[in-house]
Structure formats: C-alpha cells, structure tokens
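Here is how the chains run, residue by residue.
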Amino acid sequence: FKKLLFYPIYILMTLELKVSTRRAKAIYGITDEFVDYGLKFSNRNKTHFDKSFPLGFVETLQCSESESLAFWVSKGVSFLDTKIVYFAGEISKTSSEALISLKQSLKKAEKEKLNFLFVICGDGAKLSELRSQFNGINNVKVVGRVQPKFLGYLKKRSTLALLSIV
C-alpha cells in the first residue's frame, strides 16, 4: 500500500529533476557522484561548468597515513572494528542544539554496546557547552577544531557523515 501511495510523488519528483537539470547551464553537488547523478537526468555530457564542491575540507590537503592515524589516536579515536559517524563544521547555537538532541540516542547506543563512535569536529561559540553535554559518554568524542589535512583520513574510514544545517 505504501508503494502505491508514494509512487505518484516519486514520479513527480523524477520529472521535476529531469526538467530542472535539462534547463540547467551548470550542475553543482557536494561530490562528483551527486554531479554525475544530476547529469544522468540532464541528458547531456559534463561541461566545465559542472562542478563538485566537497564540504568541510579540501581533499588535496592531506598528510601521510601514519601522521593522520597518530593524530586521531591522540584524540581517542580508534578505527579498529568500529563504525565511525562524524560531524565536521562550525559549532554554532543551531548545530549544537541539533547535536545535543542526539544525546539520549547516543547514551542508549552506548548502553546497548553498539559498536560505533560519533566524532564531532569543529570550533565555535558553543564548543565548550557541547563538550560538557557529551562528557562521560564513551561512544562520543568531541575533538574540537581539526586541521583540514586530517579530515580526509576520517572521511575515508567513516560510515556516515552529518552535514552542518547552517
């Protein structure tokens, strides 16, 4: 029944995507895969106007594997047999409130011994408040500001990334 209910919405959204991408002079996305997905519906080849803009860091600013691993281990982040979920962005009032809303779920996950670690990277006015909110929850690491050269290592080894809502 649910499929029948949502199928018309799916068709309308697909048509809207096709129309908007075919009219577009440029398609932008946060990854090359997003851009390629848009191009698939646009029925045209990629041009120099179609670009991806990764969020959070510049991927070319990376350092050696050993230097990155040493950095994350010094922050208490282990990549062995652990699923990583991360947030990288400004710790503003809005993002802090959104992250704190996950606190009860993260406590429950810790209690049930779910094998994942939530890593929060960033700096901002609400960082110290965020640290105090998650203090004592072992499956959460609030590491603060991270140099862009270390984020690529975290990204490649993570299962999920939360994007800033601001």
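Definitions and cut-offs
Think of each chain on its own: its residues are numbered from 1, step by step along the sequence as written. In view of the model being predicted, local features appear only for residues whose pLDDT reaches at least 70, and side-chain atom pairs are presented and counted only at 80 or more, with totals across whole chains, interfaces and linings using the full set of residues. Hydrogens are left out, water is left out, and the side-chain values use all remaining heavy atoms of the structure. Paired strands, as defined in this entry, are two strands with at least two bridges between them according to DSSP. Comment: elements are numbered from the N terminus, with helices defined as DSSP H or I runs of at least four residues and strands as E runs of at least two. A fitted line through C-alpha atoms serves as each axis, taken over the contacting stretch for helices, and the angle formed by two N-to-C directions is quoted from 0 to 180°. Residues enter a nonpolar core if they are buried and are Ala, Val, Leu, Ile, Met, Phe, Trp, Tyr or Cys, with the set joined through side-chain atoms within 4.5 Å. For every residue, the accessible area (1.4 Å probe, protein chains only) is compared with the maximum for its type, and the residue is labelled buried under 20%, exposed over 50%, or partly exposed between those bounds. In this description, contact between two residues means that some pair of their heavy atoms is separated by no more than 4.5 Å. Each angle receives one of four descriptions, namely roughly parallel if under 35 degrees, roughly antiparallel if over 145, roughly perpendicular if within 65 to 115, and oblique otherwise. Gly is put with the polar residues, along with every residue not named as nonpolar or charged; the nonpolar set is Ala, Val, Leu, Ile, Met, Phe, Trp, Tyr, Cys and Pro, and the charged set is Asp, Glu, Lys and Arg. A clockwise path from the first strand over the helix to the second, with the strands pointing away from the viewer, defines a right-handed crossover. Any pair of N or O atoms that falls within 3.5 Å is considered a polar contact. Within protein, one atom must be able to donate a hydrogen and the other to accept it, and sequence-neighbouring residues count only if both atoms are side-chain atoms. In this description, the arc belongs to the directions extending from the helix axis to the C-beta atoms.

A.B. asks: Please provide a residue-by-residue account of the sheet that holds strand 3 (residues 83-88), values included.
C.D. replies: Read from one edge of the open sheet, 4 strands run 5-4-3-6, paired in parallel fashion. In this open sheet, the two strands that pair with only one neighbour each are strand 5 (140-144) and strand 6 (160-162). The sheet shows a mean angle of 20 degrees between the axes of neighbouring strands, direction not considered. Sheet topology places strand 4 (residues 116-121) next to strand 5; 4 bridges connect them, and they run parallel. Its bridge partner lying in strand 5, Phe118 is registered against Val140.

A.B. asks: Which residues make up the nonpolar core, and what are the values?
C.D. replies: Judged by nonpolar contacts, the single largest core of 15 residues is most densely connected at Trp72, Val119, Cys121, Val146 and Leu154. Mapped by element, the contributors of at least two residues to this core are helix 3 (65-74), strand 3, strand 4 and helix 7 (148-156). Here the element with the most residues in this core is helix 7; it accounts for 4 residues. When residues no more than four places from it in sequence are discounted, the contact partners of Leu154 are Trp72, Phe79, Ile84, Tyr86, Val119 and Cys121. Listed in part, the 14 residues of the second largest apolar core include Val85, Ile100, Leu127 and Leu130.

A.B. asks: Give me the packing of helix 3 against helix 7: which residues, what numbers.
C.D. replies: At a minimum axis distance of 9 Å, the contact between helix 3 and helix 7 shows a crossing angle of 85 degrees. The angle between helix 3 and helix 7 falls in the class roughly perpendicular. Side by side, helix 3 and helix 7 meet where Glu65, Glu67, Ser68, Leu69, Phe71 and Trp72 of the first sit next to Lys149, Phe150, Leu151, Tyr153 and Leu154 of the second. Residue classes in the contact of helix 3 with helix 7 are distributed as 7 nonpolar, 1 polar and 3 charged.

A.B. asks: Explain the pairing of strand 5 to me, using residue names and the numbers behind them.
C.D. replies: Most of strand 5 sits inside the fold, with 4 of its 5 residues counted as buried. Tracing the backbone out of strand 4, into helix 6 (residues 127-134) and back to the parallel element strand 5 gives a crossover that is right-handed.

A.B. asks: Describe the packing of helix 4 (residues 93-100) against helix 6, naming the residues involved and giving the relevant values.
C.D. replies: Packing of helix 4 against helix 6 leaves a shortest axis separation of 10 Å and a crossing angle of 5 degrees. When the axes of helix 4 and helix 6 are compared, the pair comes out roughly parallel. Here Ser96, Leu99 and Ile100 of helix 4 come into contact with helix 6, specifically with Glu129, Leu130, Gln133 and Phe134. Grouping the constituent residues of the contact of helix 4 with helix 6 by class yields 4 nonpolar, 2 polar and 1 charged.

A.B. asks: Summarise the environment of Thr14; cite the residues concerned and give the values.
C.D. replies: Locating Thr14 in the fold gives a position in helix 1 (residues 2-23). Separated by 149 residues in sequence, Thr14 and Leu163 have C-alpha atoms that sit 24 Å apart. From its side chain, Thr14 meets the backbone oxygen of Tyr10 in a polar contact 2.9 Å long.

A.B. asks: Before we move on, could you go through the pairing of strand 4 and cite the residues and values that matter?
C.D. replies: Most of strand 4 is tucked away: 5 of the 6 residues are buried. Bridging between strand 3 and strand 4 involves 6 bridges; their strand directions are parallel. Counted as the bridge partner of Lys83 is Phe116 from strand 4.

A.B. asks: Please provide a residue-by-residue account of helix 3, values included.
C.D. replies: In an α-helix there are 3.6 residues to a turn, and that puts residues three or four apart on one side. Along helix 3, the positions that sit buried rather than exposed are Ser68, Phe71 and Trp72. Buried residues of helix 3, viewed axially, fall in a sector of 90 degrees; they line one side. Exposed residues on helix 3 whose side chains face more than 90 degrees from its buried face are Ser66, Val73 and Ser74. Contact partners of the buried residues in helix 3: strand 4, strand 5 and helix 7. Positioned one or two residues after helix 3, Gly76 has a phi angle of 85 degrees, which is positive.

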